[in-house]
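# Results of the structural survey
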Amino acid sequence: MTPFTFVHASDLHLGSPFRGVYTLQPEVAALLQAATFEAFDALISLCIEKSVTFLLVSGDIFDAESRSLRAQLTFRDGLARLAEVGIPSFVTFGNHDPWEAWSANIHWPEGAHVFGPDAVETVIVPIDGKPAVAVSGVSFRSHAEPRRLADLYEAENPNLFQVAMLHTNCGEQQGHDAYAPCRVGDLRQTRFDYWALGHVHEKKILGAAPYIVYPGSIQGLHIKESDAHGCYLVSVKGQHDIALDFCPLDRVRWQRVSVSIEGHEDLDRLDQSLLAVVDDRCRRSGGRPVICQISLDGRGPLYHVLHQPGIVEEILDRLRAYGLSQTPPFWVQKVTVECLPEMNLAARMTAEDLLGQLLKTAEEMKQLKDQELISETLEKVYNHRRFQRYLKGPPHYDKLLRDVQLLCIDLLEPSA
């Protein structure tokens, strides 16, 4: 087999509006508006720089079924750049951009192959004039694709390196809708050499014989999609000699940082620690702007100071001003107070007074399953169809009960 390389990407979400991001800074908003487009440009440049044999994009190219014209033209132009240097591209559509939602008359460049929704199609890719790779794929027909698309695939070219492109929730990945579901075992039993998956925004390698791979999204879209996002550069020397190299492409990086108040006797020392965190994260971002959430945890005497009105807001304002003075900018989206008072909580629970009993009861309730904590009234609210679009499941009871404990301490033993 002649060695070759290809890039596997998915979930571009071109033109994502980054819903839920609160910012009054126009420069931060501008960074976000451009992020997915710049990440896509970096993807195309990577393919050209590495002289790959082809590019795979496994669904959710666009962020919504409406598919903005800018997003469509940007995607077409990127594939055209590849075609100009002889790099073919293969595309499937997923739940965010299903086939039925196609709205604009975009002509794909020569060398770009878009798989339709009716049946799995296979395209043969030659290398040095000889058939070398078989690429198979199918697109979502509708937003909530009910079909088990994996069952439609057949590896019919055993003498070639066989790639299957599939937008799917494989193995019931948490936090993702079960569109076109399949199991890892289903894919392992096939004769495909590489399953190029899409839909999950976190990079994951579910198997290596054959390779079953989620590259994740090329750009994190919110704080839960923190750290590096990009694609996989796949080097093939033989059907069983495959190497994967993750290549970051994100233009803006999301991060979560915890800072302990332990050992900080005053706000001045905490301020120095927080500014040092900003400096450190800027150095480690690879020249990318950062959007960050900072949680203050641990135990210490600053607990009560941080709960005074306006203190956290002032800390946030100072960090934002400092972060925006950096190059590239560092934006602190939120500062949360997760710290505890300077108290041996476990020992305090053993006391036979009211506070001890309340702390102990709350701790015992943490051991119960969530469903046991939902009263009949709350259950009606969370199951009501008109509220489900706003309430993403029951609250996090561990945090709720911890907040109850802290409130009890503040009210019943404020000097702690």
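What comes next concerns the included structure. (Residues numbered from 1 in each chain as written. Predicted model: local features only at pLDDT ≥ 70, side-chain atom pairs only at ≥ 80, totals over all residues. Heavy atoms only, no water.)

## Let's talk about the overall build of the chain
When its secondary structure is counted, the chain shows twelve helices and 15 strands. When each of the 416 residues of the chain is scored for burial, the buried share is 49%. Long-range contacts, defined here as pairs at least 24 residues apart, represent 70% of the contacts in the chain between residues at least 6 apart. Roughly 20,400 Å² of accessible area belongs to the chain as shown, and the carbon and sulfur atoms make up 50% of that amount. (Helix = DSSP H or I, 4+ residues; strand = E, 2+ residues; numbered from the N terminus. Buried < 20%, exposed > 50% of the residue type's maximum accessible area, 1.4 Å probe, protein only. Contact = heavy atoms within 4.5 Å. Areas by Shrake-Rupley, 256 points an atom, 1.4 Å probe, with all protein chains shown as cover.)

## Points about the pairing of strand S14 (residues 290-297)
For S14, the buried fraction is high: seven of the eight residues fall into the buried class. Relative to S14, strand S13 (residues 253-260) is paired through eight bridges, and the arrangement is parallel. Note that in S14 the partner of serine 260 across the bridge is aspartate 297. Tracing the backbone out of S13, into helix H4 (residues 267-283) and back to the parallel element S14 gives a crossover that is right-handed. Pairing of S14 with strand S15 (residues 330-337) involves seven bridges; the strand directions are parallel. Each residue of the ladder has a partner; that of serine 295, found in S15, is threonine 336. (Pairing = 2+ DSSP bridges. Right-handed = clockwise from strand over helix to strand, strands pointing away.)

## A few points about the packing of helix H1 (residues 26-49) against helix H2 (residues 69-84)
In the contact formed by H1 and H2, the axes pass within 9 Å of each other and the chain directions differ by 10 degrees. With respect to each other, H1 and H2 are oriented roughly parallel. Handedness of the H1/H2 crossing: right-handed. Contact residues: H1 offers Gln33, Phe37, Phe40, Asp41, Ile44, Ser45, Cys47 and Ile48, while H2 offers Arg70, Ala71, Thr74, Phe75, Gly78, Arg81 and Leu82. Of the residues contributing to the contact of H1 with H2, the split by class is eight nonpolar, four polar and three charged. (Axes fitted to C-alpha atoms, helices over the stretch in contact; angles between N-to-C directions. Parallel < 35°, antiparallel > 145°, perpendicular 65-115°, else oblique. Left-handed = near helix turned anticlockwise from the far one by under 90°. Nonpolar A, V, L, I, M, F, W, Y, C, P; charged D, E, K, R; others polar.)

## Thoughts on a negative patch on the surface
A cluster of like negative charges, contributed by Glu262, Glu265, Asp266, Asp268 and Glu342, occupies part of the molecular surface. Relative to the elements of secondary structure, glutamate 342 occurs in the loop between S15 and helix H7 (345-348). (Patch = residues over 30% accessible without salt bridge, like charges linked within 9 Å, V, L, I, M, F, W, Y side chains within 5 Å. Salt bridge = Lys/Arg side-chain N within 4 Å of Asp/Glu carboxyl O. Lys, Arg positive; Asp, Glu negative; His and termini not counted. Charge placed at Lys NZ, Arg CZ, Asp CG, Glu CD.)

## So, the packing of aromatic side chains
Following the criterion strictly, the structure yields 19 aromatic pairs and no others. Positioned above the aromatic ring of phenylalanine 246 is the side chain of lysine 203, whose terminal nitrogen or guanidinium carbon lies 4.6 Å from the ring centre. (Phe/Tyr/Trp six-rings, centres within 6.5 Å; stacked < 30°, edge-to-face > 60°. Lys NZ or Arg CZ within 6 Å of the ring centre and 35° of its normal.)

## Re the sheet that holds strand S1 (residues 4-9)
Spatially, six strands are ordered S4-S3-S2-S1-S11-S12 in an open sheet, and the strand pairing comes out mixed. Two strands close off the open sheet at either side, each with one partner strand: strand S4 (112-114) and strand S12 (241-248). Along the sheet, successive strands turn relative to each other by an average axial angle of 20 degrees, direction set aside. Across three bridges, strand S3 (residues 89-92) lies against S4 in parallel orientation. From the neighbouring strand, serine 89 faces S4, where its bridge partner is alanine 112. Together, S1, strand S2 (54-58), strand S11 (230-238) and S12 form the strand contacts of H1, whose direction differs from that of S1 by roughly 175 degrees.

## Digging into a nonpolar patch on the surface
Where nonpolar side chains cluster on the molecular surface, the patch consists of Leu354, Leu358, Leu407, Leu411 and Leu412 and spans about 490 Å² of accessible area. Contributions of two or more residues to the nonpolar patch are made by helix H8 (354-366) and helix H12 (397-412). With three residues, H12 is the single largest residue contributor to the nonpolar patch. For leucine 354, the location among the structural elements is in helix H8. Judged by relative accessible area, leucine 354 falls into the exposed class, the value being 54%.

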